[in-house]
Amino acid sequence: MKEIIKKAGKIVEENRKLRNAEGTDYNIFSLLDAERDEVGTHELMLFTILNFKTDYRVKNEFIQQLLVYFDVPKSFQKEEWKVEKEHYTSEGRIDLFLRTTGKHKKCIVIELKIDAEDQKRQLERYEEYVCTKNYEDYRIIYLTLDGREPSSQSVGNMKQNK
């Protein structure tokens, strides 16, 4: 056990030195003490970028890049989107909710997790909500700073495991 702790300590120290050399622990968000602020920083920043009040082509380009990044089907990429933050449902609050404004009824749920724990059946409940609204297609995206997957308690029995 002592050997494992000693090796772990060396790895942690090497990682600290690397972060210090690359400056990755210092950024504008850490300077403002906002890097762990899920709602006031991350959610607001994404909402502002995706809901940019300017020429439609520019606004649409940000959303298109997001859809490409998350490998959302091309059929989604042809749509015009309305973006909402803090979208309330009877089962909770969806961080970012994108829905189409055209004839095809599609939506994207974005759940952000910084430090908060996954709620029981959280993503499953969001899926149930979307299904009750009769969207013809949807995606649920789970975003974390470290890229971790949602917990099994949050996913529950989701049909679409995104």
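Residues numbered from 1 in each chain as written. Predicted model: local features only at pLDDT ≥ 70, side-chain atom pairs only at ≥ 80, totals over all residues. Heavy atoms only, no water.

S.K.: So, the packing of aromatic side chains: which residues are in play, and what are the values?
M.R.: Summed over the entire model, instances satisfying the criterion amount to four aromatic pairs. Each ring, one from Phe76 and one from Trp81, has its centre 5.9 Å from the other, and the planes form 15°; the classification is stacked. You'll find Phe76 and Trp81 in the same group, each marked buried. The rings of Phe97, Tyr129 and Tyr135 are connected pair by pair, giving a single aromatic cluster. Between the NZ or CZ atom of Lys105 and the centre of the ring of Tyr135, over which it lies, the distance is 5.0 Å. Geometry around Phe76 places Lys106 over its ring, the cationic atom sitting 5.1 Å from the centre. (Phe/Tyr/Trp six-rings, centres within 6.5 Å; stacked < 30°, edge-to-face > 60°. Buried < 20%, exposed > 50% of the residue type's maximum accessible area, 1.4 Å probe, protein only. Lys NZ or Arg CZ within 6 Å of the ring centre and 35° of its normal.)

S.K.: How would you explain the sheet that holds strand E4 (residues 137-144) if you had to name every residue and give the values?
M.R.: Overall, mixed pairing links the four strands, which are arranged E1-E2-E3-E4 in an open sheet. Every interior strand has two partners, whereas the edge strands, strand E1 (81-89) and E4, have only one. Neighbour-to-neighbour, the strand axes of this sheet turn through a mean angle of 25°, independent of strand direction. Bridge analysis of strand E2 (residues 92-100) against strand E3 (residues 106-113) gives four bridges, and the strand direction is antiparallel. Paired with Arg99 across the strands is Cys107, a residue of E3. (Pairing = 2+ DSSP bridges. Helix = DSSP H or I, 4+ residues; strand = E, 2+ residues; numbered from the N terminus. Axes fitted to C-alpha atoms, helices over the stretch in contact; angles between N-to-C directions.)

S.K.: Let's hear about the side chain of Glu84: which residues, and what values?
M.R.: Looking at the element boundaries, Glu84 is found in strand E1. A polar contact of 2.8 Å, which involves the side chain of Glu84, links it to the side chain of His87. If sequence neighbours within four positions are ignored, Glu84 has contacts with Phe47, Asp95, Leu96, Phe97 and Arg99. (Polar contact = N/O pair within 3.5 Å; in protein donor to acceptor, adjacent residues only side chain to side chain. Contact = heavy atoms within 4.5 Å.)

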